[in-house]
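Remarks on the overall topology
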Amino acid sequence: MARMKFLCDADRCIECNACVTACKNEHEVPWGINRRRVVTINDGKPGERSISMACMHCTDAPCAAVCPTDCFFTTADGVVLHSKDLCIGCGYCFYACPFGAPQYPRLGNFGSRGKMDKCTYCAGGPEADNTPAEYAKYGSNRLAEGKLPICAEMCSTKALLAGDGDIIAQIYAERVTRRGYGSGAWGWRTAYKDAATG
Amino acid sequence: MTHFLTRLRGLIAAAALGLGLAAASLPATSPATAQAPAAPTPAAPAQASEQMLFNYLQGNVQGRVTIPDQRAALLIQPQGREFQHFHRTTLKWLGGIAIGGMLVVLVVFYMIRGKVRIEAGLSGRTIERFNGLERFAHWLTASSFIVLCITGLNISFGRELLMPLMGPEAFATWSQWGKIAHNFLSFPFTLGVLLMLVIWIKDNIPNGEDVKWFAAGGGLIGHGHPPPTRRFSGGQKVIFWAVVLGGGAIAVTGFIMMFPFQFVTTMEGMQLATQLHGIISIVLIAIILAHIYLGSVGMEGAFAAMGSGHVDLNWAKEHHGLWVEEMMSAGRGAAAPEGARKAGAD
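Residues numbered from 1 in each chain as written. Chains lettered and ligands numbered in written order. Predicted model: local features only at pLDDT ≥ 70, side-chain atom pairs only at ≥ 80, totals over all residues.

**Things to note about the overall build of chain A**
When helices and strands are tallied, chain A shows seven helices and six strands. Starting at the N terminus, the α and β elements of chain A follow one another as β-α-β-β-α-β-β-α-α-α-β-α-α. Against the globule reference of 16 Å for 198 residues, chain A gives a C-alpha radius of gyration of 17 Å, in line with a compact fold. Reported as C-alpha extents along the three principal axes, the dimensions of chain A are approximately 50 × 40 × 30 Å. Burial statistics for chain A: of 198 residues in total, 57% are counted as buried. Contacts in chain A between residues at least 24 apart in sequence constitute 55% of all its contacts with a sequence separation of at least 6. (Helix = DSSP H or I, 4+ residues; strand = E, 2+ residues; numbered from the N terminus. Rg over C-alpha atoms; globule rule 2.2 N^0.38 Å. Buried ≥ 20, exposed ≤ 12 C-beta atoms within 10 Å, placed from the backbone. Contact = placed C-beta atoms within 7 Å.)

Here you go:
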């Protein structure tokens, strides 16, 4: 079985934010919630890089470990999903997540959070595949249709890669070898530990 | 930044790039010069490599985002893994040892020492120890604290202890209500702590008598012969300050958590508030368990102080001798209430 991962080639990302837009459109993500975002570091300085970041679907996911209601589960493809039926919106996963992936619709009293929303790797939730119930809570389930996440599929510079970890790592390695530089697979060290990168 | 880049150049060259295999296959004289115009040597082309930024920023990689949520500019915060470890391991051990340990200590203590009796027996006469406002403040704090404890412990330990019994759905529903109760009861709890602070602080200033009281083993080990105390004994003062300071800290960290990123704006600050809230709460729960024990099964006549507000005179003399004397002398100097007649005047 494949181990699905994201890899953003920061030397190719042009900060067009199309991945962000495509994600929001595909899943009809509510206003104020971003399952994916593009962060520019060293903005305006030498060495400026943009990185598209979402849930990295970590090995031994911190969100799952701190969740009081154990609402997370990892699929056979290594995708970390969660159940909005079990989520109580406590916010712990946001503090544990190294990538700022969990998002909360703000509702109710004080700063109280609604049920957490995050990148599903376009793989829906615990409901049956491509049912209206699943779509309403988690958006579309492209993986069940044999498609990869929309953000990577439509990336104009092919900076954002999605697919089996070994395969996209190989693609990236070939790129780095051919062009002679690369700033690393962002977040892989933190997300997957053993698959550490520079 | 440029200075820093130069300084770390060797490091980066070693740690380099991509996926290990890529680094190995890279030619030493890569055509990287064009990519790094600011660099005097072309050895390290990747100014923005993750590891380099981690070293520079000591953890967090912060950037710029074009979306309104500026928290999203924090690209990677590896200390989330430490938060994970704290919640999965540290807090569980701490809670188990503090709360479980205290329960064991109390049971063992009860078996050895038994109930602390009123040695002179009940006198049948009572003296007012706590008035209505004092008891209101106590029970306001106590009742909200008990619900806060149960719902708070549920967040930390319910997944292991309760969920297997209730099933995930029922547990999630119960936890959802628990969270709402936890949020709302924070207000009466805070009010109760503040009330108690104002009402009782004058009787709880530590002094030399407390040192003697502790030196004599207090009311428990000293077996009923500690030095007589004023209104509150040294042990009670400890409880008072634990509740005021601990409860205050729990309230402050709790409100920080309830209004995320409002009072505290950094990720580290929010993580610290969450962790402190857990640690202090567990310690306070352990202390309050001992308090509940002494106020109920542990000591004869003690519950009446917070129950009816009137304690037996012999209990008061044995536990708060100086206080009884103060009250009596104040009573002797007072004028008789209007309409009062001497005993036996009829």
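**Quick notes on the overall build of chain B**
Check the secondary structure of chain B and you find 15 helices and four strands. Pairs at least 24 residues apart make up 68% of the contacts formed inside chain B by residues separated by at least 6 positions.

**Some thoughts on the nonpolar core**
In terms of nonpolar packing, the biggest core is built from 82 residues, with C8, C63, C93, A96 and L160 of chain A touching the most fellow members. Both domains that furnish three or more residues to this core are identified here as domain 1 (2-76) and domain 2 (80-329) of chain B. Ignoring any residue separated from it by four or fewer positions in sequence, one finds C63 of chain A in contact with F72, C93, A96, C97 and P102 of chain A. Ranked by size, the runner-up nonpolar core spans 15 residues in total, among them L148, V243, I280 and I282 of chain B. (Core = buried A, V, L, I, M, F, W, Y, C linked by C-beta atoms within 7 Å. Domains from an automatic or database assignment.)

**Topic: the confidence of the model for chain B**
Mean pLDDT over chain B works out to 81, with 76% of the residues at or above the 70 mark. Every residue in residues 1-47 of chain B scores below 50 in pLDDT, and together they form 81 contacts with partners more than four places removed in sequence or on other chains. (pLDDT = per-residue confidence, 0-100.)

**Quick look at helix α11 (residues 234-258) of chain B**
The end-to-end C-alpha separation of α11 of chain B is 35 Å, in line with the 36 Å expected for 25 residues at 1.5 Å each. For α11 of chain B, every residue scored as buried is listed here: G234, Q236, K237, V243, G247, I250, T253, G254, I256 and M257 of chain B. (Expected span 1.5 Å × (residues − 1).)

**Some details on the pairing of strand β1 (residues 4-8) of chain A**
Residue and element names in this part refer to chain A. The buried fraction of β1 is high, at five of five residues. Residues M4, F6 and C8 of β1 are buried on one face, and the alternating residues K5 and L7, pointing to the opposite face, are buried as well. Pairing of β1 with strand β6 (residues 160-164) involves five bridges; the strand directions are antiparallel. Within β6, the position partnered with C8 by the bridge is L160. (Pairing = 2+ DSSP bridges.)

**Overview of the packing of helix α6 (residues 132-161) of chain B against helix α8 (residues 168-200) of chain B**
All names here are of chain B. Their axes nearest at 7 Å, the elements α6 and α8 cross at an angle of 145 degrees. Crossing of α6 against α8: the hand is left-handed. Of the residues belonging to the contact of α6 with α8, the class tally is 16 nonpolar, 11 polar and one charged. (Axes fitted to C-alpha atoms, helices over the stretch in contact; angles between N-to-C directions. Left-handed = near helix turned anticlockwise from the far one by under 90°. Nonpolar A, V, L, I, M, F, W, Y, C, P; charged D, E, K, R; others polar.)

**Quick word on unusual backbone geometry**
For N17 of chain A, which is not a glycine, the phi torsion comes out positive at approximately 65 degrees. Relative to the assigned elements, N17 of chain A resides in the loop between β1 and α1 (18-27). A count of 17 C-beta atoms within 10 Å places N17 of chain A in the partly exposed class. For F261 of chain B, which is not a glycine, the phi torsion comes out positive at approximately 65 degrees. Its location among the elements puts F261 of chain B in the loop between α11 and α12 (267-295). Using a count of 15 C-beta atoms within 10 Å as the deciding quantity, one classes F261 of chain B as partly exposed.

**Some remarks on the packing of α8 of chain B against α11 of chain B**
Any two packed helices are characterised by the angle at which their axes cross and by the distance between the axes. Residue and element names in this part refer to chain B. Look at α8 against α11: their axes get within 10 Å of each other, and the N-to-C directions meet at 145 degrees. Handedness of the α8/α11 crossing: left-handed. On α11, the residues that touch N183, S186, F189, T190, V193, M196, L197 and W200 of α8 are F240, V243, V244, G247, G248, A251, G254 and M258. Considering only residue class, the contact of α8 with α11 consists of 10 nonpolar, six polar and no charged.

**Some remarks on the environment of V297 of chain B**
Examined against the element boundaries, V297 of chain B turns out to sit in the loop between α12 and α13 (303-306). Note on V297 of chain B: 14 C-beta atoms within 10 Å, which makes it partly exposed.

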